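In case you want the letters, here they are:
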Amino acid sequence: MRGRKLMVWFLLIVTLMSSMINVFAEEANQSYLYGPNSFVKAPVAAEPGRDIDHSTIGTTSLKKPSDLYATENYLYIVDTGNNRILKVNQVYQLIKEYTEYEVDGVKIPFASPEGVYVDAQDQLLIADTNNGRIVKLNEEGEVVALFEKPQSKMLPTDFNYLPSKVVCDEAGRIFVAVKGFNMGLIELDKTGEFVQLLGASKVTYSVTDAIWRLFSTKEQQKRMAAFVPAEYNNISVDADGFVYATTGTMSQNNKEGMKFVRKLNARGDDVLRRTDYDGVSGDLEWANTGSIKGPSQIVDCLTLSDGVYAILDQKRARVFVYDTGGVMLFIFGELGQTEGTMTSPSSLEMFNDHFLVLDSVKNKIVSFDLTEYGRTILDACHYREKNDLVNEEAAWQRVYAMNNNHPAIMREMGKIAYRERDMQSAMDYFQQGEDKEGYSKAFQFYRREMINKYFTPVALGILSLLAIYTMYKIYKKYWCKKKKIVKKQGPFGYAFYVIFRPLDGFWDLKHEKRGSVKVALGLMAAVGGVLIIQSLLTSFIFSTVSVEEYNFIFDLLKAYIPLILWTGSTWCVSTLMDGEGSYKDIITATGYSLTPILVILPCVALCSNFLIQDEGVLCTFFISVAYLWMVVLLVASVMQTHNYSLKKTLLVIIISLLVIVMILFILLLCIALMQEILAFVIDLQTEIVNRL
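So, here is what we can say about the structure in this document. Computed from a predicted structure; not experimentally measured. (Residues numbered from 1 in each chain as written. Predicted model: local features only at pLDDT ≥ 70, side-chain atom pairs only at ≥ 80, totals over all residues. Heavy atoms only, no water.)

1. Comments concerning unusual backbone geometry
What counts is decided by this rule: In this description a helix means any DSSP run of H or I spanning at least four residues, a strand means any run of E spanning at least two, and both kinds are numbered starting from the N terminus. Classification of residues uses two cut-offs on accessible area relative to the type maximum, computed with a 1.4 Å probe and protein chains only: under 20% is buried, over 50% is exposed, and between them is partly exposed.
Positive phi is not limited to glycine here, since Tyr92 has a value of about 65°. Tracing the chain through its elements places Tyr92 in the loop between strand S6 (84–88) and strand S7 (94–98). Taking the relative accessible area as the measure of exposure, Tyr92 reaches 4% and is therefore buried. Phi at Ser112 takes a positive value of approximately 50°, unusual for a residue other than glycine. Within the secondary structure layout, Ser112 lies in the loop between strand S9 (106–109) and strand S10 (115–118). Owing to a relative accessible area of 23%, Ser112 belongs among the partly exposed residues under this scheme.

See below:
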């Protein structure tokens, strides 16, 4: 009996352990990606393969390697700590080692080189960082050219020229990223002469930072972070000659002016396509606490074929792959100490049909093999670029079978349904993929189908209703006894009289007591509901909110805070400027002034569901009319409530608006102060924890 119990417990434990293993295996086979609203689960697109270290290559240990570059047959590794460049073949065996170059009979060793590029003639461009020059070598290691520190009036005379990365396009133009240099990339011609500074970053900063600096002492300003552009830390060039440049971090003072990745044309303009929800910046969600916090730290960008490119996040050891439209395709990579993980990745390459990530701390290369899911996505992008519609459709269908959460997949499935004239399915796919332009095109055809299908019965129905109504009016006029009915307009119906006759309406509202404070408060309360209706009922094409993540509190705040500020500031100013109206009168007049937006905004929201993107100007027009009408009514309400002239009314309104600006200014100042205090407390807590 006892033996049976032990056997039962043993089998139960084994079953539980096997189920846990299955769960862990299932989680291990899951990755994630970011969609329009939040991150979603996705199949693994690339799995860790082999680790490649010095023993695999057949050389001494690597030391702080910083860059990779791959040609069709060879991989080049910049071993910065050992002052050398290694050339390996497709099986990662050492072919040649570049440690020095000869100039006028003098051998010069490399000094902490950090970048390498190989042109179409198999000539090496090496960023010899601490020697302050670009070295051009042939395959045998003989010097072809030396490009010293460029000279130009556009460059500071005393700047320290430390080239860290170098690339070259098909025309022979050379682009150099310089350490500690924040004026952009340096462009040289094929002879090494200075051409221009490319893609210099613009500096922007937040209002709270500006306010805080305004009230800070000189000593405090010195301790604060300077508003300076960030430098480029890596560059690459695609087959079309566009230069992709990356910055390590996004300054908190410079969120708008700096971007993690830029695609620069010949003029230095950023032409990288980005989606509304993703600025090509790696992780879109992150924590601000813990050992790993804040946004991604992008250190490399790899350009692939068919407009696809990948960026490398050093902070969390992840690779993010995007298509030509800036849509995230998949993510892979993991931070850790075990095999197949990374500690401090520094460079990314594609070699031998494998993704290679160089780890500057582990001093090795981690290889990643594409899974069927990842390879099918890249195949679909290839067929799309080649305009092979049949194979593209088949590829996206296979991807959809493996993952139906992907926004890029939803868009492509929408295009397939659109080509097959299944407009209702296309609209569903485009909406899931947040593609408003595609949704609008599909809806245009769908609307046309509905009009052709239902126009005759709907038109006959409307004509029948009109005929019945006409007959009823005739019957009532000639066969019914006439009774004189005196209609009395209530306080609610009086709102429609006010909006069409504002001067008389607001005068009677105050002096004849035609309105009601309760109705006015009800109208003011209804504004919040109208904004909620506008957010929820507006067509997907014109909506600016996501229904899944919608929070009605923001609409309520957007409705009531301006009303509170307006009524409060107007009452204060009018009291000081001999206004005859009380706060109760101001509340009543303001409530009745809101009638246009209460009527027009819901109608526009409903009608937007019958419009396409090109007809959105109609929505904009009627919304503008509603708000302009409301402003005219507010002006009339102030003038009639306080018995002002038009000139004095405008003066009171201007002063009231200035009071509102002052209130907001003080609030922002308090918020900025609280942010600084909170940051100080967090830093103090971190310092205490670290010291303990």
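2. Description of helix H7 (residues 407–419)
Selection criterion: Given a helix with a known number of residues, its expected span is that number minus one, times 1.5 Å.
Between its first and last C-alpha, H7 extends 19 Å over 13 residues, near the 18 Å set by a 1.5 Å rise per residue. Positive backbone phi, approximately 65°, marks Arg421, located one or two places after H7.

3. Remarks on empty space enclosed by the protein
Test applied: In this analysis, the protein atoms alone were mapped onto a 1 Å grid. Cavities are point sets where a 1.4 Å probe fits without being able to get out; pockets are open sets with protein on both sides within 12 Å along at least five of seven lines; lining residues have an atom within 4 Å of a point. Grid points are joined across faces, edges and corners, and a volume is the space filled by probe spheres set on the points.
Here the structure, examined in full by the defined rule, presents one cavity of 30 Å³ or more. In this structure, the largest cavity encloses a volume near 40 Å³. Elements represented by at least two residues in the lining of the largest cavity include exactly helix H13 (552–576), helix H14 (583–593) and helix H16 (616–642). A total of four residues in the lining of the largest cavity trace back to one element, the largest contributor, which is H16.

4. Comments concerning the pairing of strand S21 (residues 298–303)
Consecutive side chains along a regular strand alternate between the two faces of the sheet. Under the convention used in this document: Two strands pair under a simple rule: DSSP has to find at least two bridges between them.
With respect to burial, S21 is a largely interior element, five of its six residues being buried. When S21 meets strand S22 (residues 309–313), the two strands line up antiparallel, connected through five bridges. Looking at the pairing, Leu302 lines up with Ala310 of S22. Counted along the chain from S21 to the antiparallel partner S22, the turn is five residues long, and its residue Asp306 has a positive phi close to 65°.

5. Things to note about H13
Our working definition: Here a polar contact means two N or O atoms within 3.5 Å. Within protein one must be a hydrogen donor candidate and the other an acceptor candidate, and residues neighboring in sequence count only if both atoms are side-chain atoms.
Helix length check: H13, at 25 residues, gives a terminal C-alpha distance of 37 Å against a target of 36 Å (1.5 Å per residue), a fit within 8%. Of the residues making up H13, those classed as buried are Asp555, Ala559, Leu563, Leu565, Trp566, Thr567, Ser569, Thr570, Val573 and Ser574. Backbone nitrogen of Ile553 and a side-chain oxygen of the N-cap are separated by 3.0 Å at the start of H13; the cap is Asn551. Taken from the residues just after H13, Asp578 is the one with a positive phi, measuring 60°.

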